[in-house]
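Working through the structure, step by step
Residues per chain are reported as follows:
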Amino acid sequence: MLSADFVRSYFDAWNQRSAQRVAEHLARDGTYHDMGGLKQFSRQDFIAHLEEFFSRDSNRYVLVGEVLEGENTIAFQYLACPTGDNIGDGGWMGAEFITLEDGAATRIEDYYRDPALATRERRDDGSGRYAKSGLSPAAMEAVLRRLSEAMEDDRAYLNSHLSLPELAANLGCSVNHLSQAINAGHGVGFFDYVNGYRVRDATELLALAGDSAPSILDVALSVGFNSTSTFYAAFKRITGKTPARFRRDALAAAAEGGPD
């Protein structure tokens, strides 16, 4: 099953609330990792878990942005929104990282941040420690410091296939701790955090004039995006302008400020 077909079928199964159909996307010895609840399920246990979950779940699941593909992996963001609501009206975001083999998932990692759950999981003692993760303020500060070094000094975001697990491994921390540190320290999810650096670099390249000015496609690829559609969406969301409009405005401003 091609990755696009896999994702389409996977979302259909979730929205049909069919535990059996969702679990069929796992290989027989595959595992599903609920990173928000810190739980791991075999295929059979996953079915039982889903049956209980679907008995109280009323969300519709929508793919957000494009599916990112590695050699044997895919990653995507999703929005869980109450049935009948328009996209963007409430709900919560998540991301999944899936390892594929022969068209089936050998491992599914599901990262999500439900605001209601996050609130309940905070301790009431004001310690600032996540109840389930044990991530203290000092530990979070250490993760954020290593993260800043990886992004500012090593420019890890230039890797177009950079994933949350890969970055966590490079930093020497768990994926759950890194996800929490990014959410708490920067107020965004993993994809938006990484794309913020890429867009920052892109604005500098788009402001170049003359023969040295790269094409918009070259800009997108050079800063770590692997498709122009993903680049355009992220750039517009962050700057409020399309790359072409940003370039025109930057060059016009430079011309106005140049020598007479």
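Fair warning: this is a prediction, and the values are worked out from it, not measured in the lab. Per chain, residue numbering runs from 1 following the sequence as it is written. Local features in this predicted model are restricted to residues of pLDDT 70 or higher, and side-chain atom pairs are both shown and tallied only at a pLDDT of 80 or more, whereas totals for entire chains, interfaces and linings draw on every residue. The basis for every side-chain value is the complete set of heavy atoms in the structure, and neither hydrogens nor water enter the calculation.

A short note on the overall build of the chain
Put simply, DSSP H or I for four residues or longer makes a helix, DSSP E for two residues or longer makes a strand, and each gets a number counted from the N terminus. What the chain contains, in helices and strands, is 11 helices and six strands. The rule is simple: take the accessible area with a 1.4 Å probe, protein chains only, and divide by the maximum for that residue type; under 20% is buried, over 50% is exposed, in between is partly exposed. Per-residue burial over the chain gives 43% buried out of 260 residues. Restricting to contacts in the chain with at least 6 residues of sequence separation, those with at least 24 account for 54%. When the accessible surface of the chain is split by element, carbon and sulfur atoms take 49% of a total near 13600 Å². By definition in these notes, contact holds between two residues if any of their heavy atoms fall within 4.5 Å. Here, Shrake-Rupley sampling with a 1.4 Å probe gives the accessible areas, and only protein chains in the shown set may cover a residue.

What about helix α5 (residues 137-152)?
For a helix, the expected span equals 1.5 Å multiplied by the number of residues minus one. The first and last C-alpha atoms of α5 sit 22 Å apart over 16 residues, in line with the 22 Å expected at 1.5 Å per residue. Residues of α5 that are buried include every one of Met140, Ala142, Val143, Leu147, Ala150 and Met151, and no others. On an axial view of α5, the arc spanned by its buried residues comes to 165°, and they lie on one face. Seen from the open side of α5, the exposed residues pointing more than 90 degrees away from its buried face are Ala138 and Glu141. Elements in contact with the buried residues of α5: α6 (164-171), α7 (175-186) and α8 (190-206). Throughout, the arc means the angular range of directions from the helix axis out to the C-beta atoms.

Observations concerning the packing of aromatic side chains
Aromatic pairs are defined between Phe, Tyr and Trp rings, using the six-membered ring for Trp, whenever the two ring centres lie within 6.5 Å; interplanar angles under 30 degrees are classed as stacked, those over 60 as edge-to-face, and all others as tilted. Summed over all chains, the structure comprises 19 aromatic pairs. When the ring of Phe225 is compared with that of Phe231, the centres are 5.2 Å apart and the planes differ by 55°; the resulting orientation is tilted. As far as burial versus exposure is concerned, Phe225 and Phe231 are alike and both buried. Seen from their ring centres, Phe235 and Phe246 are 5.5 Å apart, and the 80° between their planes marks the pair as edge-to-face. Here Phe235, found in helix α10 (residues 228-239), pairs with Phe246, found in helix α11 (residues 243-256); they are 11 residues apart in sequence, far enough to count as distant. When its relative accessible area of 0% is taken as the criterion, Phe235 is described as buried. The rings of Phe6, Tyr10, Phe11, Trp14, Phe53, Phe54, Tyr61, Phe76 and Tyr78 are connected pair by pair, giving a single aromatic cluster. Charge over a ring is defined by NZ of Lys or CZ of Arg lying within 6 Å of the ring centre and within 35 degrees of the ring normal. Lying over the aromatic face of Phe225, Arg198 brings its terminal NZ or CZ to 5.6 Å of the ring centre.

Side note on the side chain of His33
Tracing the sequence through the fold places His33 in strand β1 (residues 26-34). Residue His33 is classed as buried on the basis of its relative accessible area, which comes to 6%. Two N or O atoms form a polar contact when they lie within 3.5 Å of each other; inside protein one atom must be a possible hydrogen donor and the other a possible acceptor, and for residues adjacent in sequence the pair counts only when both atoms belong to side chains. Side chain to side chain, His33 and Thr31 meet in a polar contact 2.9 Å long. The residues contacting His33, other than those within four sequence positions of it, are Lys39, Gln40, Arg107, Ile108, Glu109 and Asp110.

Structural notes on the pattern of salt bridges
Each reported salt bridge corresponds to a side-chain nitrogen of Lys or Arg within 4 Å of a carboxyl oxygen of Asp or Glu. Using the criterion set out here, one finds nine salt bridges in the structure. Salt-bridge contacts for Arg155 lead to Asp201; the nearest nitrogen and oxygen are separated by 2.8 Å. Highlighted residues: Arg155 in the loop between α5 and α6 and Asp201 in helix α8, separated in sequence by 46 residues. For Asp249, the salt bridge identified is with Arg245, shortest N-O distance 3.1 Å. Note that Asp249 and Arg245 are positioned in helix α11 at a spacing of four residues, about one turn of the helix.

Description of the confidence of the model for the chain
Along the chain, pLDDT gives the predictor's confidence residue by residue, from 0 to 100. With 85% of its residues at a pLDDT of at least 70, the chain reaches an overall mean of 83. Segment residues 85-89 is flagged for pLDDT under 50; beyond a separation of four residues in sequence, or across chains, it makes six contacts in the model. Predicted confidence is poor over residues 117-133, with pLDDT under 50, and the contacts of this stretch with residues over four places away or in other chains come to 26 contacts.

Things to note about the pairing of strand β4 (residues 73-82)
Burial of β4 is extensive: eight of the 10 residues sit out of reach of the surface. Where strand β3 (residues 59-69) meets β4, eight bridges bridge the pair, whose relative direction is antiparallel. Bridge pairing in β4 links Val64 to Gln77. For two strands to be treated as a pair, DSSP must find at least two bridges joining them. Counted along the chain from β3 to the antiparallel partner β4, the turn is three residues long. As paired strands, β4 and strand β5 (residues 92-101) are joined by eight bridges and run antiparallel to one another. Counterpart to Gln77 in the pairing with β5 is Ala95.

Description of unusual backbone geometry
Its identity as a non-glycine residue notwithstanding, Asp102 has a phi of 55°, on the positive side. Look at Asp102 and you get exposed, because its relative accessible area is 79%. Despite not being glycine, Arg155 has its phi angle at roughly 55°, a positive value.

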